[in-house]
Amino acid sequence: MLLAAFIVPTTIAVVALFLHSYGRERAGIERASQDVARALMQAIDRELSSAQAALQALATSPSLDAHDLRAFHAQAIEVLHARPGNVLVAADTSLDQVINTGLPFGAALPRHGNAEQVRHVFATARPQVSDLYVGPTVNRLLSSVDVPVVRDGRVRYVLSMQYFGERLGAILERQRAPPGATVTIYDGKARIVWSSRARRAEVGRRASSALAAGFALGPEGTVDEPGQDGAGLVTVFSHSSLSDWTVAIALQRSVLNASLWRALEWIVVGGCGLLALGAALVALIGTRIEAALRGLVRPAIALGHGEQVVLPPLPLDEALDVGHALVQTAALLRERTIQRDEAEHAERVLREAKRAVERSEAFLRGIFEETPDGILLVGPGGRVTRANVQAERMFGYAAGALEGLALDALLVESGPTPASVYERMRAAPARSSMAGTTHLRGLRRDGPAFAADAMANPLPERALLIVTVRDVSAGWEQEEALRQALDDKSTLLKELYHRVKNNLQLIISLFNLQARTLRDGRAQRALSEAANRVRAMSLVHERLYQSRTLGTIRLDDYVRELCDQLASANGADRRGIALALEVAPVDVGLDLAVPLGLLLNELVSNSLKHAFPAGRRGTIRVTLAPDAGEGADASEQMLRLTVHDDGIGLPPDAERTSPQTLGLRLVAALSEQLHAELVFENRDGACVMLVFPAPANGRRGPDHAADTLSRHAATHRTHDRTYTAAPE
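Residues numbered from 1 in each chain as written. Predicted model: local features only at pLDDT ≥ 70, side-chain atom pairs only at ≥ 80, totals over all residues. Heavy atoms only, no water.

Draft legend 1. Up close: the overall build of the protein. Assigned secondary structure in the protein consists of 18 helices and 25 strands. Across the 728 residues in the protein, those meeting the buried criterion constitute 40%. Put simply, of all contacts in the protein between residues at least 6 apart along the chain, 59% involve residues at least 24 apart. (Helix = DSSP H or I, 4+ residues; strand = E, 2+ residues; numbered from the N terminus. Buried < 20%, exposed > 50% of the residue type's maximum accessible area, 1.4 Å probe, protein only. Contact = heavy atoms within 4.5 Å.)

Draft legend 2. Up close: unusual backbone geometry. With a phi angle near 55°, Asn139 is a residue other than glycine that sits in the positive phi range. For Asn139, a relative accessible area of 62% gives the class exposed.

Draft legend 3. Representation of the pattern of salt bridges. In the structure shown here, the tally under the stated rule is 19 salt bridges. Residues Asp373 and Arg470 are paired through a salt bridge, measuring 2.7 Å at the closest nitrogen-oxygen approach. Of this pair, Asp373 sits in the loop between helix H9 (317–368) and strand E12 (374–378) while Arg470 sits in strand E17 (residues 465–471), and the two are 97 residues apart along the sequence. Here Arg444 makes a salt bridge to Asp471, at a shortest N to O gap of 3.4 Å. Of this pair, Arg444 sits in the loop between strand E15 (435–442) and strand E16 (450–458) while Asp471 sits in strand E17, and the two are 27 residues apart along the sequence. (Salt bridge = Lys/Arg side-chain N within 4 Å of Asp/Glu carboxyl O.)

Draft legend 4. Looking closely at the pairing of strand E11 (residues 246–252). Most of E11 sits inside the fold, with six of its seven residues counted as buried. Relative to E11, strand E7 (residues 182–186) runs antiparallel, the two sharing five bridges. When the bridges of E11 are listed, Tyr186 appears paired with Thr246. The hairpin turn running from strand E10 (residues 233–239) into E11, its antiparallel successor, is six residues long. (Pairing = 2+ DSSP bridges.)

Draft legend 5. Layout of the sheet that holds E7. One open sheet holds the five strands; their spatial order is E8-E7-E11-E10-E9, and the pairing between them is antiparallel. In this open sheet, the two edge strands, each paired with only one partner strand, are strand E8 (192–195) and strand E9 (220–225). The mean inter-strand angle of the sheet, taken between neighbouring strand axes irrespective of direction, is 20°. Where E10 meets E11, seven bridges bridge the pair, whose relative direction is antiparallel. Its bridge partner being in E11, Ser238 is matched across the sheet by Val247. Lying on the sheet, helix H5 (residues 165–173) is in contact with E7 and E8; it crosses E8 at an angle near 45°. (Axes fitted to C-alpha atoms, helices over the stretch in contact; angles between N-to-C directions.)

Draft legend 6. Fine view of the packing of aromatic side chains. Going through the model one piece at a time under the given rule, you end up with three aromatic pairs. Each member of the aromatic cluster is reached from another via a ring pair, and the members are Tyr186, Phe215 and Phe237. (Phe/Tyr/Trp six-rings, centres within 6.5 Å; stacked < 30°, edge-to-face > 60°.)

Draft legend 7. How the structure looks around the side chain of Gln34. Looking at where Gln34 falls in the secondary structure, it is placed in helix H1 (residues 2–58). Exposure remark for Gln34: the relative accessible area of 9% places this residue in the buried category.

Draft legend 8. Spotlight on the packing of helix H14 (residues 555–569) against helix H16 (residues 590–610). One way to put it is that H14 packs onto H16 with a least axis distance of 10 Å and a crossing angle of 35°. By crossing handedness, the relation of H14 to H16 is classed as right-handed. Side by side, H14 and H16 meet where Leu555, Tyr558, Val559, Leu562, Cys563, Leu566 and Ala567 of the first sit next to Ala593, Leu596, Gly597, Leu600, Asn601, Val604, Ser605 and Leu608 of the second. (Left-handed = near helix turned anticlockwise from the far one by under 90°.)

Draft legend 9. Structural detail: the nonpolar core. Ranked by internal contacts, the top residues of the largest apolar core, which has 44 residues, are Leu555, Leu600, Leu641 and Phe692. When contributions to this core are tallied by element, the ones reaching two or more residues are H14, strand E19 (577–583), H16, strand E21 (618–627), strand E22 (636–645), helix H17 (662–673), strand E23 (677–682) and strand E24 (686–695). When residues of this core are assigned to their parent elements, the largest contribution, ten residues, is made by H16. Those residues in contact with Leu600, other than ones at most four positions away along the chain, are Val559, Leu562, Cys563, Leu566, Val622, Leu641 and Val643. The next biggest cluster of nonpolar side chains, apart from the first, holds 40 residues, and it includes Val149, Leu172, Val236 and Val247. (Core = buried A, V, L, I, M, F, W, Y, C linked by side-chain atoms within 4.5 Å.)

Draft legend 10. Layout of the environment of Pro127. Within the secondary structure layout, Pro127 lies in the loop between helix H4 (115–124) and strand E3 (128–129). The partly exposed category is assigned to Pro127, whose relative accessible area is 32%. Linking Pro127 and Ser160, residues 33 residues apart in sequence, is a C-alpha distance of 9.6 Å. Those residues in contact with Pro127, other than ones at most four positions away along the chain, are Gln52, Gln56, Asp146, Val147 and Pro148.

Draft legend 11. Representation of H4. The complete set of buried residues in H4 reads Ala115, Gln117, Val118, Val121 and Phe122. Axial view of H4: buried residues confined to an arc of 165°, hence all on one face. Facing away from the buried side of H4 by over 90 degrees, the exposed positions are Glu116 and Ala123. Here the buried face of H4 lies against strand E1 (87–91), E3, strand E5 (140–151) and strand E6 (154–163). A positive backbone phi angle near 60° is found at Ala125, which sits one or two residues after H4. (Arc of directions from axis to C-beta.)

Draft legend 12. Spatial organisation of the packing of H16 against H17. Between H16 and H17, the shortest axis-to-axis distance is 9 Å and the interhelical angle comes to 150°. Between H16 and H17, the angle falls in the class roughly antiparallel. Remark: the crossing between H16 and H17 carries left-handed chirality. Contact residues: H16 offers Asp591, Pro595, Leu598, Leu599, Glu602 and Leu603, while H17 offers Gly663, Leu666, Val667, Leu670, Ser671 and Gln673. (Parallel < 35°, antiparallel > 145°, perpendicular 65-115°, else oblique.)

Draft legend 13. Geometry of H14. Counted at 1.5 Å a residue, the expected span for H14 with its 15 residues is 21 Å, and the 21 Å between its end C-alpha atoms agrees. Of the positions making up H14, those classed as buried are Leu555, Asp556, Tyr558, Val559, Leu562, Cys563, Leu566 and Ala567. Down the axis of H14, the sector holding all buried residues measures 165°, keeping them to one side. Opposite the buried face of H14, at more than 90 degrees from it, the exposed residues are Ser568 and Ala569. At the C-terminal side of H14, Gly571 shows a positive phi close to 65°. (Expected span 1.5 Å × (residues − 1).)

Draft legend 14. View of the pairing of strand E2 (residues 97–100). Bridge analysis of E1 against E2 gives three bridges, and the strand direction is antiparallel. Directly across from Ala91, in E2, lies its bridge partner Gln97. Counted along the chain from E1 to the antiparallel partner E2, the turn is five residues long, and its residue Leu95 has a positive phi close to 70°.

Draft legend 15. Quick look at the environment of Gln390. Summarising the element assignment, Gln390 is placed in helix H10 (residues 389–395). Linking Gln390 and Asp373, residues 17 residues apart in sequence, is a C-alpha distance of 6.2 Å. Residue contacts for Gln390: discarding those within four places in its chain leaves Thr371, Pro372, Asp373 and Gly374.

Draft legend 16. Expanded view of the side chain of Glu392. Take Glu392: it is sitting in helix H10. Although buried, Glu392 forms no salt bridge, and the nearest oppositely charged side chain, Arg393, lies 7.0 Å from it. With sequence-adjacent residues up to four places away left out, Glu392 is seen in contact with Ala387, Tyr397, Ala398, Ala399, Gly400 and Leu402. (Lys, Arg positive; Asp, Glu negative; His and termini not counted.)

Draft legend 17. Molecular detail of the environment of Phe450. Here Phe450 is to be found in strand E16. As a C-alpha pair, Phe450 and Phe395 span 55 residues in sequence and 9.2 Å in three-dimensional space.

Here is the structure:
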C-alpha cells in the first residue's frame, strides 16, 4: 500500500507532465505551420492584388474610350509579357467576349465562362476574385480577377485576368513549405484550385466535409481529418483577406507524432528513473515499518484475549509508543471488566424483580383498562359485576354505575323479535375461542342507540362471562360514505370524459369549417390532418366514458373504429383500398391509448395518401398482438403494432439525415413516449413495426417509464428506404 501510495500519484504527475508537454509541442508545430499557411496566403494575395492593379491600369486605356479593341488587344499582350501564364479577357455588357489574348484578334469568341460573377461586377462596379469555372476557349477549370471599366459612371467592359492552377502553384513552390506537407489552394466553394500532391488531377475536387466545416468557423484554424488513404491528417489553414480563397497545409499525423515523440523522449526517461528511485526508497522505509508492525501483532492479540501484554524490541519510536499504549490499555481493560461484571450482576437482580411486578400489573391493566373496547364482567344472573372505563363511556354511565345492570338492558338484537343476548352467550359451548355476536344495538343511558359488535368468552367454570363490546357506528358510516364517494367519482369521470369528447368534437368542427373557407390546398390538408389527430384523441375519451371500468379501453374496438374513420375520410372504398385488421382484445389506459392512437393515425393516413398513387389498388394491414420479446416482466406485456401496405414502398433516394416533417416528428416523439422500438422496412411495400410495453392491468405505474426505458431504448432505424412524402 505504501508503494502504491507513492507510485500512483507519481505516475499521475509524470503522465500529466507528459500530456502537457505533448500538447505544448504540438501547439508549437501547429503555430509554425499556421504561420507558413498565412505567409503562403499572403503571397497569393500579393499576386492577385498585382493582377488587379494591372487590370485597373489597363482599364484607363484611351483605346477603350475610342472603342479601338485591336489597339487594346495589342496593349494587353504587351502587359502580359511580364505575366507569363495569364490570359486577359474583356467582356461587354451582353457578357460576350470581345478580347481574348489567348486567341488572335478577330477570332470568333464565345460568351464569358463566368457569366454570373461578371454580371455581378457590372452591377456593383467593384473588382472581384472568382471561384473556379470552366474557360470556354480552353475547356479547363481556371479562376480570374475581374475589374470593371467605368466610363461616365457606367461599367462599359469587364476585364478578367485568368489564372490556371499551375500559375498560382508556381508562386507557392517558391515559398518555404514544411517538408512532407501537402499545400493546397481552395476557392470560396472549398474546391481545389491547386495542390502540391497531384496538380491537375486534383483541381475542382471539393475539400472533405470536416475541412469544409472548419473553413466556416473562422479565418484560421486547425482540422483533424481521416485522409484519402486512411492515414490521419492534421490540416492548418488561412483565409485570404482579398478573396474567399484559402490556403491549407496538410501534415500526416504519423509524421507529426514522430517528431513529438522525439521531443518528449527525455521526459519519459526521466519519469521512469524517478519512479524507480522512489520505489527503492519506499521499499526501504516500508521494510522498517513492516518489521515494527509485525512486532505489535502479538501484543495486540494478547490484549484482545485479555492476557498479559509483553513488548518485544521495536525498530521505530512511534511503534514503541503504540506498544506502551497497548500495555496501559490492557491494565485499564482488566479494571473496567471487574467493575462491569459487578454492575451487571446487581442490575440483573433488580431488573428481574421489577419485571415480575410489571408483568402482573400490565396483565390486569391491559385487559381491563387499556383496551379500546368496552369490557363487561357478567355474573350468573346476567348482571354486570364490573366494567372498564371504555364501557362506561360507551354506554354513557358514570364510574361504577354499570355494576348491577342486566346485560340485556345494555345490548339488544336488531329485528322485530329480538332474543336475549345473555342467553345466547351463556348457551354457547365452552371453547378456547370467543363466541361473537354482531349487528347488535347498544343502548346509551340518555342518548340514541349505537351499532355494536360483542364477543363473549365464558370462563371454565361458566360462572362469569367476559363480554367485549365495540362501537362500530363509525365503520358503518365510513362504509356508506365510501360507497357514495365511489358513485360520485364514477359519475364525475363519465361527465369529464363526455365533456372532453364534446370539446374535441367542437375543435374538429372548427377545423373543418376553417378548411372550407380556405383556397390553399396545403392549408386545407393541414387542417384536415389536424382534425384527424384530434379525432383520434376524441375517440379515446368516447370509449372511456362508454367503458365499464372508466379507466381502460379495448384496443380492438378502438383501432377498428379509428381505421374505419380514416378510410372513410380518405375515400378508401372509392379508390379500391382495403383495410385488414388483426387486433388483439387488449385493455390499455388513457396514457397509452392517446399516443398509440395518434401514432396509428399518422401511419395509416400516410399509407392512404402516398402508398397507392395514380389509381393503384391495394391493402393496408394493421396488426396488434402480444410480442414475446425480452424485457417484459409480470407487471407488463410487450405489444407489437405493424402497419403494412402493398403499395409503392419507400423511395430509394431519401436521405436518412433529411429534415423530418411534422408527421415523422410526431411518430418519433410518440414512439419515444411509448418507450417503443420503431422500425421502417421495405417488404413488398412499406412496413412500419412498433414494439412497446403495456402494463398487464392496463395502467402504468409511476416508476414504469424509468424501468422500461432501461430495458427498451427507443431506436429509430430505417431499412433500405424512407418515405419521400412523409406525414405532414
